[in-house]
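Descriptive analysis of the structure
So you can see what is in the structure, the chains are spelled out below.
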Amino acid sequence: MILRFIPQSLPSTLLSLLLLLSYTVLVKAEDFDCHVTTGGLKWDLTPLEGSHTLSRTRETPPTTMVDELIFNLCKDLEPMDGVPDEDQCKAGTRACLRKTNRKDDADRVIAVIPVASTTALEPEYSQLNSLKGLSLTFHGSPYPSSGDSQSIIFSLFCAEDADPEPKLVSYENGVVRVDWSTPSACSLPDDQPPPQEDEGGGESDEKPAKRGSGLGFFFLVLLLAFGSYLTLGAYYNYSTYGARGVDLIPHRDFWREVPYMLQDVVSHLCSTVRPQRSTRGGYIAV
């Protein structure tokens, strides 16, 4: 049996296609409405909507430094009442970091950093590897104008009970890190609707499904790779040999033999599991 082999460049093309499909786990979008879909899973982060304020205190004798982070996942921040414009971020900011120097009950704002702004938001989101949840990144403009580009990374961990408030972990080299354990970080399959609240205002008894669709994603990649194999193989046979009709099928002789090979496998299995007939021992007449 003679098989026609596809040139070496074709497997490289198929490998590149598989890698490209794998990279779709990390999705970028210009707009963000607190609904995330990636890798066959989806998240509804609208329950986390609203302004949140986190702070941490660092002792720097004879003064004290207070870092205050204000953010809203789903909308731009509203102006702060009673705060001068120069002491708060401008309109169009999604996350703002203020640094305040405190001494003898006197506060002085020394830095106002828009770590995430609508004009440079470019949200990135991906599934967490070690724990169930979602990693969400927002971007901002450089601060100062000649300094580091700003960004904020939210690590949203799937938890049955939500923490009272997220935790401000660090701010280094223009990157703010926030950890947050919340039920909203528990993913749902893409085809399953989010749990609804009952008429009495309580939460539904149904809990978000936590199983991913990795098997379905694997079969999707396999199907796309097989389709690419048929398409590119047919094009190669057409352009190289001028094939027509069924001759366009790559490795046609092999696929023609597949039913017979399967038949042989089934016959072998049946003969293996079929009970063997036993014969009684005895004398044979001569």
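Note that the structure is predicted; figures quoted are calculated from it, not measured.

Some thoughts on the overall build of the protein chain
Looking only at helices and strands, one finds 3 helices and 13 strands in the protein chain. Of all 286 residues assigned to the protein chain, the portion counted as buried reaches 32%. Taking all contacts inside the protein chain whose residues are at least 6 apart in sequence as the whole, residues at least 24 apart take part in 52%. Carbon and sulfur atoms provide 55% of the accessible area of the protein chain, an area that totals close to 19200 Å².

Some points on the sheet that holds strand 2 (residues 35-38)
Within a beta sheet, neighbouring strands are joined by backbone hydrogen bonds and run either parallel or antiparallel to one another. Ordered by their spatial adjacency, 3 strands build an open sheet running 2-3-13, and the pairing between neighbours is antiparallel. Where the open sheet ends on each side, the last strands, each with one partner, are strand 2 and strand 13 (188-189). Pairing geometry for strand 3 (residues 41-44) and strand 13, over 2 bridges, is antiparallel. Residue pairing across strands places Leu 41 opposite Pro 189, the latter belonging to strand 13.

Comments concerning the layout of surface pockets
Roughly 260 Å³ of internal volume is contained in the second largest pocket. When grouped by side-chain class, the residues that make up the lining of the second largest pocket number 7 nonpolar, 4 polar and 4 charged.

Basis of the calculations
- Residues numbered from 1 in each chain as written.
- Predicted model: local features only at pLDDT ≥ 70, side-chain atom pairs only at ≥ 80, totals over all residues.
- Heavy atoms only, no water.
- Helix = DSSP H or I, 4+ residues; strand = E, 2+ residues; numbered from the N terminus.
- Buried < 20%, exposed > 50% of the residue type's maximum accessible area, 1.4 Å probe, protein only.
- Contact = heavy atoms within 4.5 Å.
- Areas by Shrake-Rupley, 256 points an atom, 1.4 Å probe, with all protein chains shown as cover.
- Pairing = 2+ DSSP bridges.
- 1 Å grid on protein atoms, 1.4 Å probe; cavity = no way out; pocket = protein on both sides within 12 Å on 5 of 7 lines; lining within 4 Å.
- Points joined across faces, edges and corners; volume = space filled by probe spheres on them.
- Nonpolar A, V, L, I, M, F, W, Y, C, P; charged D, E, K, R; others polar.

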